[in-house]
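The lines below spell out each chain.
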Amino acid sequence: MLYSAVTDFDIPFSDTSWRGALKSEFERPDYQRIVSFLRSETERGAIIYPPQNLIFNAFNLTPFSKVKVVILGQDPYHGLGQAMGLSFSVPAGVKLPPSLKNIFAEIQHDLGGDLRTLGALDDWAAQGVLLLNTVLTVENGLAASHAKKGWEAFTDGAIRQLSAQRRGVVYMLWGSHAQKKIDIINQRDNMVLTAPHPSPLAAYRGFIGCKHFSKANQYLQESGVAPIFWAGRPAVQ
């Protein structure tokens, strides 16, 4: 079954560049704490999303050396069939969550063209967009249920390593939760863009109209880097 509980803890992390960059993070007590927590939750019968093979999907699809843009989310979607290990993304065919609808609305508002309808953002990941949640797992039906269990220290470590070793990366920080990470980002050598969260409660308080997507592409092009094609591939009929 695709969306099942984690059954063991040899979690696939196939990208060698990230594995090398995060070697020290895997050895820290916080990572061991999250592994122990996931094991105990599974033993009591909890259903955990995303599926085990997708927990590190953001890292596996966007190698360390290829990251152009970072979009920070909070934790995975907690409904059946939604989480795929990429912030804000849902598998093809799954109904678009409200925040993702607003992201697509801003892309159209900013760049013009057709409104994107495909919720799977793996095409962004392939182009160099690291779609990273600060917490990488969640229990079925319980938002933020795995917050403060150890993931935040691990993902903060990833951001620190990326910020320290890479230059010219665009960080999109939407909402207060993501903006708390500003202090661990090297703002001198990277671009940091902030806006309200794209959720329905905040999107029209400044997210719609923020023009982050055109600003990111302009920055990348001025740095001699290929821009991101945000519109994505057409939805499969």
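These notes cover the structure that comes with them. (Residues numbered from 1 in each chain as written. Predicted model: local features only at pLDDT ≥ 70, side-chain atom pairs only at ≥ 80, totals over all residues. Heavy atoms only, no water.)

**Observations concerning the overall build of the chain**
Point 1. Helices and strands together make up the secondary structure of the chain, namely 9 helices and 6 strands.
Point 2. Expected size for 237 residues packed as a compact globule is a radius of gyration near 18 Å; at 17 Å, the chain falls within 12% of this value.
Point 3. If you line up the chain on its principal axes, its C-alpha atoms span 50 × 40 × 30 Å.
Point 4. Burial analysis of the chain (237 residues in total) assigns 54% to the buried set.
Point 5. At a minimum sequence separation of 6, the contacts of the chain that also span at least 24 residues come to 70%.
Point 6. Computed over 23 positive and 20 negative side-chain charges, the separation of the two mean positions in the chain equals 3 Å. (Helix = DSSP H or I, 4+ residues; strand = E, 2+ residues; numbered from the N terminus. Rg over C-alpha atoms; globule rule 2.2 N^0.38 Å. Buried < 20%, exposed > 50% of the residue type's maximum accessible area, 1.4 Å probe, protein only. Contact = heavy atoms within 4.5 Å. Lys, Arg positive; Asp, Glu negative; His and termini not counted. Charge placed at Lys NZ, Arg CZ, Asp CG, Glu CD.)

**Brief notes about the packing of aromatic side chains**
Point 1. Evaluation of the coordinates by the stated rule reveals 19 aromatic pairs.
Point 2. Look at Y31 and W151: their rings are 6.3 Å apart centre to centre, the planes differ by 65°, and that puts the pair in the edge-to-face class. Of this pair, Y31 sits in helix α3 (residues 29-43) while W151 is found in helix α7 (residues 151-165), placing the two residues 120 residues apart along the sequence.
Point 3. The buried category is assigned to W151, whose relative accessible area is 0%.
Point 4. Connected via pairs of aromatic rings, a cluster forms that spans W18, F26, Y31, F56, F59, F64, W151 and F154.
Point 5. Against the face of F26 rests R19, its NZ or CZ located 5.7 Å from the ring centre. (Phe/Tyr/Trp six-rings, centres within 6.5 Å; stacked < 30°, edge-to-face > 60°. Lys NZ or Arg CZ within 6 Å of the ring centre and 35° of its normal.)

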